[in-house]
Amino acid sequence: EAGVAQSPRYKIIEKRQSVAFWCNPISGHATLYWYQQILGQGPKLLIQFQNNGVVDDSQLPKDRFSAERLKGVDSTLKIQPAKLEDSAVYLCASSLLSTGQGSGGEQFFGPGTRLTVL
Amino acid sequence: KQEVTQIPAALSVPEGENLVLNCSFTDSAIYNLQWFRQDPGKGLTSLLLIQSSQREQTSGRLNASLDKSSGRSTLYIAASQPGDSATYLCAVGKPGTALIFGKGTTLSVSS
C-alpha cells in the first residue's frame, strides 16, 4: 500500500514570496491533516479536512496561509506572503477515519516538505 | 488546554540496554495515544496506537502502556540497537480532533 506522498521535499524562498505544497493521502483515507513542525518542537495542526470539508482551521494563519482539498483526495497548502518564522517542516497526514472511530483514527504521515525562508 | 510532556528530552544508552521513554498529558479525556518515530530529515513513522479502552500495545521489541487516570504513557524498548536511534514522539487525540504532540525524546544508542 502506497503511503502519504508530498512534494516538493525541500523549498528555499525569499521572504514575501509565495509557495505551495502538495499532498496525496493514502487511498481511501477520508481525513487529511496539515501540520507544521518547527525545529525542536512537535508537529502542530494547521488544518484538518474530512473528505473535502474543513473540520478545524482554528490554528491556520488565514492572513497568509490557505489550503484546499478538491474532490476529497489531494490537498494543497499555500503560503503568501512567506515570513521568516514560516521556516519549518510541513507534514501531511491522513487517516481512514477521524479520531474516535477506533483504529481507523490512526494517522499516517508523509515525508514532509522542509521550507526555508531567507 | 491539552499539554503533552516527554521526559527525558534526550537519552544516550549502550547497545543492548532496555529503556523506557515517558509521556504525560494534562487532560485525561483522550480517545487514543500514538507513538511515532522520526529520523533526521524524515517524516513520522507510526509505531503503536493505543485506544482509550486498551492498556497496552506491543510490536516486536516495543511495548507501550497507557494509564489514563494518571495521564501517563510509557514506551518500553527492549534490547536497544543502534538502528533505534531517532526521535520518539508521543501524541494524544480526542474524538474528531487532530493529535497533540509532545516535543519528543531523542534517543542515541551506541554500539
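All of these numbers come straight from a predicted model, not from anything done at the bench.

Structural notes on the interface of chain B and chain A
At step 1: Every contact between the two is made by 23 residues of chain B and, on the other side, 25 residues of chain A.
At step 2: Regarding the contact of chain B and chain A, the summed buried area is about 1700 Å², with carbon and sulfur atoms giving 53% of it.
At step 3: Between chain B and chain A we count zero salt bridges in total.
At step 4: For the side of chain B that touches chain A, the elements supplying multiple residues, two or more each, are strand 4 (32–38), strand 5 (44–51), strand 9 (86–93) and strand 10 (99–101) of chain B.
At step 5: Each residue belonging to the side of chain B that touches chain A can be placed in one class, and the counts come to nine nonpolar, 11 polar and three charged.

Side note on the layout of surface pockets
At step 1: Computed from the structure, the largest pocket encloses a volume of approximately 620 Å³.
At step 2: Lining the largest pocket are 25 residues, with Lys44(A), Lys1(B), Gln2(B), Ile100(B) and Phe101(B) positioned closest to its centre.
At step 3: Here the residues of the lining of the largest pocket are counted per class, giving nine nonpolar, 10 polar and six charged.
At step 4: Here the second largest pocket defines a volume of roughly 500 Å³.
At step 5: Along its surface, the second largest pocket is lined by 23 residues, and Gln37(A), Ile38(A), Leu39(A), Gly40(A) and Gln38(B) are the ones closest to its centre.
At step 6: Looking at side-chain class alone, the lining of the second largest pocket contains nine nonpolar, 10 polar and four charged residues.

Points about empty space enclosed by the protein
At step 1: Following the criterion strictly, the structure yields one cavity of 30 Å³ or more and no others.
At step 2: In terms of lining residues, the largest cavity is bounded by Arg9(A), Tyr10(A), Val89(A), Pro111(A), Gly112(A), Thr113(A), Arg114(A), Gly41(B) and Lys42(B).
At step 3: Tallied by class, residues from the lining of the largest cavity come to three nonpolar, three polar and three charged.

Structural notes on the sheet that holds strand 6 (residues 56–59) of chain B
Residue and element names in this part refer to chain B.
At step 1: Strands sit in the order 1-3-8-7-6 across an open sheet of five strands; the sheet is antiparallel. If you trace the sheet from one side to the other, it starts and ends with strand 1 (4–7) and strand 6, each paired once. For this sheet, the mean angle separating the axes of adjacent strands, direction not counted, is 15°.
At step 2: Direction of pairing for strand 1 relative to strand 3 (residues 19–25): antiparallel, over a ladder of four bridges. Counted as the bridge partner of Gln-6 is Cys-23 from strand 3.

Concerning the pairing of strand 8 (residues 75–79) of chain A
Residue and element names in this part refer to chain A.
At step 1: On strand 8, burial follows the alternation: Ser-75, Leu-77 and Ile-79 on one face are buried, whereas Thr-76 and Lys-78 on the facing-out side are not.
At step 2: For strand 3 (residues 19–24) and strand 8, the ladder comprises five bridges, and the chain directions are antiparallel. Paired with Phe-21 across the bridge in strand 8 is Leu-77.
At step 3: Of the pairings in the sheet, the one linking strand 7 (residues 65–68) to strand 8 comprises four bridges and is antiparallel in character. Across the sheet, residue Ser-66 finds its bridge partner in strand 8, namely Lys-78.

Structural notes on the sheet that holds strand 1 (residues 5–7) of chain A
Residue and element names in this part refer to chain A.
At step 1: The four strands lie next to each other as 1-3-8-7, forming an open sheet whose pairing is antiparallel. Edge positions in the sheet fall to strand 1 and strand 7, since each of these pairs with one other strand and no more. Taking the axes of each pair of neighbouring strands and ignoring which way they run, one obtains an average angle of 15° across the sheet.
At step 2: Two elements, strand 1 and strand 3, share three bridges in a ladder whose sense is antiparallel. Directly across from Ala-5, in strand 3, lies its bridge partner Asn-24.

What counts as what
Residues numbered from 1 in each chain as written. Chains lettered and ligands numbered in written order. Predicted model: local features only at pLDDT ≥ 70, side-chain atom pairs only at ≥ 80, totals over all residues. Heavy atoms only, no water. Contact = heavy atoms within 4.5 Å. Buried area = accessible area lost by both parts, 1.4 Å probe. Salt bridge = Lys/Arg side-chain N within 4 Å of Asp/Glu carboxyl O. Helix = DSSP H or I, 4+ residues; strand = E, 2+ residues; numbered from the N terminus. Nonpolar A, V, L, I, M, F, W, Y, C, P; charged D, E, K, R; others polar. 1 Å grid on protein atoms, 1.4 Å probe; cavity = no way out; pocket = protein on both sides within 12 Å on 5 of 7 lines; lining within 4 Å. Points joined across faces, edges and corners; volume = space filled by probe spheres on them. Pairing = 2+ DSSP bridges. Axes fitted to C-alpha atoms, helices over the stretch in contact; angles between N-to-C directions. Buried < 20%, exposed > 50% of the residue type's maximum accessible area, 1.4 Å probe, protein only.

Take it as geometry only, folks, not as evidence of what the structure does.
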